Amino acid sequence: MRYALSESDWQVALARYKAMPPTIKYNILGQELDKRQIISNVEQRTPAGETLVAMQKNYQEWVARR
Amino acid sequence: MPQRNKALFVRPSEDDGLGANRYGFYWLQPLIAESLRRRISVMDLHSFYATSEHFSLGLSEHDPLFVFGFGHGDGDTYTGQNYDVILEACQNDQVLRGRVVYLLSCHTATVLGQSMVQKGALSYIGYQENFVFATQDPPPANPLSDGFARAFFEPALEVAYALVRGQTTGVAYRRSQVSFNNWVEFWARQPGPEAPFLIEALLWDKNNQVLIGSSAETIATPTQASQGNLVIPIATIIAAGALLAL
């Protein structure tokens, strides 16, 4: 694992991505991920899933600082 | 010796099956147009020209001071069309000696960017992590009209816009960072349910963008944009495929 992610980080991110509107996709260069694929990557804890959870963690920290 | 006011752009297309490249291919077109307006001599390695063979030829024939590559990457490699390896740390990155490089690509800051600067590249700007951008789902026919993608490509491309307008690498980097911040603030004011997901990706890209090497380099002589050349021959560039000197 490249990031220091806790079990809680994974669960928070999974809940957040389940609430993601289906009108937005992410592109991680070389990979297009719609909502269903984003959730799948997080559930299966793939490398792309790690990036997604780390992004979500960054975001939560930014919200807390605002 | 690398030539001022000369640039080489690499932009693989969607022909290689990677949907993300479609966006980069389109979003670089206005940048190329602006470069031409600024009297930058441009070599545009697009789609099937975005290969190591054409890259090597482009550097030797065109000898640009500025090299901008869009495409898939990892720590030590940058790739073009169909994952063709264009740059690899400690294999061929010495060809960037004396040049300013911007790679809009994943992870290359971790190894390749550092390696090329150690081998004499003047400045490198790129990303330590996956470069992530958002698009509308379903996407519009024209990527340039995708309002979500705009929030990512405008700040990411600001690096290159600033450079072709004659600003230093340090200013170009800072302008890009400010533009990321501005887009974060823009989306923070929007009520739509997509906003938090756009913000998380924008913060990610901003925090992972780095400048390695000199912050004082310029690649172009500041000029007024050419008023007589407002219709930019993008179609000509695409048709010609490779070298277009102005």
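Focus on the interface of chain A and chain B
Across the contact, 27 residues belong to chain A and 36 residues belong to chain B. Both sides together, the interface formed by chain A and chain B hides about 2,700 Å², and carbon and sulfur atoms give 61% of it. There are one salt bridge connecting chain A and chain B. Close ionic contact of Glu-185 of chain B with Arg-66 of chain A constitutes a salt bridge, the shortest N to O distance being 3.1 Å. If you look at where chain A meets chain B, you find eleven residue pairs in polar contact (both at pLDDT 80 or more). Looking at the side of chain A that touches chain B, its residues break down into 15 nonpolar, six polar and six charged. Looking at chain direction, strand S1 (residues 24-28) of chain A and strand S8 (residues 132-136) of chain B are connected through five bridges and run antiparallel. Paired with Ile-28 of chain A across the bridge in S8 of chain B is Val-132 of chain B.

Description of the pairing of strand S5 (residues 85-88) of chain B
Residues and elements named next belong to chain B. Taken together, the three bridges between strand S4 (residues 77-79) and S5 define a ladder with antiparallel strand orientation. In the sheet register, Thr-79 faces S5, and the bridge partner there is Val-85. A loop of five residues connects S4 with S5, the two strands running antiparallel in sequence, and Asn-82 in this loop sits at a positive phi of about 55°.

Considering the packing of helix H1 (residues 7-18) of chain A against helix H2 (residues 35-44) of chain A
Residue and element names in this part refer to chain A. Orientation of H1 relative to H2, taken along the N-to-C sense of each, is 165°, at an axis distance of 10 Å. Between H1 and H2, the interaxial angle falls into the category roughly antiparallel. The interaxial crossing formed by H1 with H2 has left-handed handedness. Contact with H1, carried on its side by Trp-10, Leu-14, Tyr-17 and Lys-18, involves Lys-35, Ile-38, Ile-39, Val-42 and Glu-43 of H2 and no other residues of that element. In terms of residue class, the contact of H1 with H2 is built from six nonpolar, no polar and three charged.

Thresholds, definitions, all that
Residues numbered from 1 in each chain as written. Chains lettered and ligands numbered in written order. Predicted model: local features only at pLDDT ≥ 70, side-chain atom pairs only at ≥ 80, totals over all residues. Heavy atoms only, no water. Contact = heavy atoms within 4.5 Å. Buried area = accessible area lost by both parts, 1.4 Å probe. Salt bridge = Lys/Arg side-chain N within 4 Å of Asp/Glu carboxyl O. Polar contact = N/O pair within 3.5 Å; in protein donor to acceptor, adjacent residues only side chain to side chain. Nonpolar A, V, L, I, M, F, W, Y, C, P; charged D, E, K, R; others polar. Pairing = 2+ DSSP bridges. Helix = DSSP H or I, 4+ residues; strand = E, 2+ residues; numbered from the N terminus. Axes fitted to C-alpha atoms, helices over the stretch in contact; angles between N-to-C directions. Parallel < 35°, antiparallel > 145°, perpendicular 65-115°, else oblique. Left-handed = near helix turned anticlockwise from the far one by under 90°.

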